[in-house]
Amino acid sequence: MSVTYAAGFQAGTAKAHRPGGSDRKNLTMVVNRGPMDTAVGVFTPNRFRAAPVIWTERILADGHAGAVVINSGNANACTGPEGLEQTRSTAVRAGGLLGLEPERVAVCSTGIIGHLLRLDAILSGVDQAHADLDGGDRAGAEAAKAILTTDTTSKTVTLDGSGYRLGGMVKGSGMIAPQLATMICLITTDAVLDPAQARAALGQACGTSFNRIDVDGCMSTNDTVLLMASGASGASPDPEEFQALLDRACSDLARQIIGDGEGAHHQIRIRVQGAEDQDAALACARAVAGSNLLKCAVAGNDPNWGRVVSSLGTVPESVAAYDPARVSVDFNGVRVCDGGRPNLDPDLVDLQPAEVHIDIDLHQGAARADVWTDDLTHDYVTINADYSS
């Protein structure tokens, strides 16, 4: 299902490799058949933004697109004017097949940085994907597989609103940091949405989902989250209901990324409560989630709360006011630190389950924020040591 769950959408996939290359499909085309062509995006803040990010952000300025082409294996990042021209050529080819102007075709890429695309293979893949277009469940499932890189599984979501549907897919496993996170994500809906509605809803949903996960603290050059609306259901959604549904979809996909973090054995929820405001809570949670020392400790089933408080202490008082002598830390419900001092024996903590909850109370206010992360294992090192060789 995924992106073809909502009415009005079709997907096709292809093998866009050089002759003799991989047998895995690595390109997908998703087409919005309308009657609306609303499309908005949220993009990486990385200053080395990839060519497809530059292209897609620019063409979505007016909130409209009829299709997106996504390739995996090559990020087309740091490739200069040639890379941007390759992105444009991809849009031209797809637009020609679909009867769309190139500026109505979004392009996304993911994979290794610093290499131009094998454009002949990409354009051939566009042709194949167009011939494969279908609106059925198989097409949506295949599309979710074709965008993967180091992922071990596809990640999808489908939800129902009042008279409309929403479907989505995401890729992401490594290079995940809490500032959009490293991903290519496409969410489709057959609800009637104008660009302003869609843009506001997507920004809010990303802020509480993709912006609150952290596998390894590394930000990508290619992060893209797209929302496309066909209006095919004819249903104009209640804004609050649609926001809740989109929030749920993004949170679900974000959690699936954490569940497939490169080499991860544990998923870790960092919850900071008792903060004076949301910004303070989030800053503290991100500081703890970004600690490689903590990630390694959890990988070794060690509830080392010293790694928590030392990272918490790096947040400036001007950002988050609290008294260290009042802070408490729980690992899976066991209060190992209370009042900034040792409390219960850490040996009481069971870190065998795959999901670990670390709860921090600043005892300063009423605000709370959650950030999800993974542990850091030898497998992560192995995957990334071999990534481009």
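**Details of helix α8 (residues 292-299)**
Side chains three or four residues apart in an α-helix point the same way, a direct result of the helix having 3.6 residues per turn. Taken as a whole, α8 has its buried residues at Leu-294, Lys-295, Ala-297 and Val-298. Along α8, the residues classed as buried sweep out an arc of 160° about the axis, all on the same side. Count one or two residues on from α8 and you reach Asn-301, which has phi positive near 60°.

**Quick look at the side chain of Asn-71**
Within the fold, Asn-71 resides in strand β4 (residues 67-74). Judged by relative accessible area, which is 4%, Asn-71 ranks as buried. Within the structure, Asn-71 has its side chain in polar contact with the side chain of Ser-109 (distance 2.6 Å).

**Concerning the side chain of Ser-230**
Looking at the element boundaries, Ser-230 is found in the loop between β10 (224-229) and α6 (239-259). Polar side-chain contacts of Ser-230 include one of 2.7 Å to the backbone oxygen of Ala-7. If we skip the residues at most four places from it in the chain, Ser-230 touches Ala-7, Gly-8, Phe-9, Asn-32, Gly-34, Pro-35, Met-36, Thr-189, Asp-190 and Ala-191.

**Focus: the packing of aromatic side chains**
For the structure on display, the rule yields 1 aromatic pair. Pairing Tyr-164 with Phe-242 gives two aromatic rings, centres 6.0 Å apart and planes at 45°, and the pair type is tilted. Of the two residues, Tyr-164 sits in the loop between β6 (155-160) and β7 (165-171) while Phe-242 sits in helix α6, which places them 78 residues apart along the sequence. Given the relative accessible area of 3%, Tyr-164 is considered buried. Residue class for Phe-242 comes out buried when judged on its relative accessible area of 3%. The ring of Tyr-5 carries Arg-165 above its face, with NZ or CZ at 4.0 Å from the centroid. The ring of Trp-372 carries the charged tip of Arg-255 above its face, separated from the ring centre by 3.6 Å.

**Thoughts on the pattern of salt bridges**
Evaluated as defined, the whole model comprises 13 salt bridges. For the salt bridge of Asp-37 with Arg-104, the shortest nitrogen-to-oxygen distance reads 3.9 Å. Here the residue Asp-37 occupies a position in the loop between β2 (27-32) and β3 (38-43), and Arg-104 occupies one in the loop between α2 (80-98) and β5 (105-112), the gap between them amounting to 67 residues. Exposure remark for Asp-37: the relative accessible area of 27% places this residue in the partly exposed category.

**Here we look at the environment of Lys-25**
Mapping Lys-25 onto the fold places it in the loop between β1 (9-14) and β2. Taking relative accessible area as the criterion, Lys-25 reaches 27% and is therefore assigned partly exposed. Beyond its immediate chain neighbours, meaning those up to four positions away, Lys-25 contacts Thr-13, Ala-14, Lys-15, Asp-132, Glu-142, Lys-145 and Ala-146. A polar contact is formed between the side chain of Lys-25 and the side chain of Thr-13, at a distance of 3.1 Å.

**Let's talk about unusual backbone geometry**
Residue Pro-35 is bonded to the preceding Gly-34 through a cis peptide linkage, with omega at 20°. At Asn-76, a position not held by glycine, the phi torsion is positive, near 50°. For Asn-76, the position within the fold is in the loop between β4 and α2.

**Topic: the sheet that holds strand β8 (residues 184-189)**
Spatially, the 5 strands line up as an open sheet ordered β3-β10-β8-β7-β6, and their pairing is mixed. The open sheet terminates on both sides in strands that have one partner only, identified here as β3 and β6. Each adjacent strand pair in this sheet contributes to an overall mean axis angle of 10°, direction not counted. Here 6 bridges tie β7 to β8, and the two strands are oriented antiparallel to one another. Bridging from a neighbouring strand, Met-169 pairs with Leu-186 of β8. Contacts from helix α5 (residues 195-207) reach β3 and β10 within the one sheet, and its direction differs from that of β3 by about 30°.

The rules we used
- Residues numbered from 1 in each chain as written.
- Predicted model: local features only at pLDDT ≥ 70, side-chain atom pairs only at ≥ 80, totals over all residues.
- Heavy atoms only, no water.
- Buried < 20%, exposed > 50% of the residue type's maximum accessible area, 1.4 Å probe, protein only.
- Helix = DSSP H or I, 4+ residues; strand = E, 2+ residues; numbered from the N terminus.
- Arc of directions from axis to C-beta.
- Polar contact = N/O pair within 3.5 Å; in protein donor to acceptor, adjacent residues only side chain to side chain.
- Contact = heavy atoms within 4.5 Å.
- Phe/Tyr/Trp six-rings, centres within 6.5 Å; stacked < 30°, edge-to-face > 60°.
- Lys NZ or Arg CZ within 6 Å of the ring centre and 35° of its normal.
- Salt bridge = Lys/Arg side-chain N within 4 Å of Asp/Glu carboxyl O.
- Pairing = 2+ DSSP bridges.
- Axes fitted to C-alpha atoms, helices over the stretch in contact; angles between N-to-C directions.

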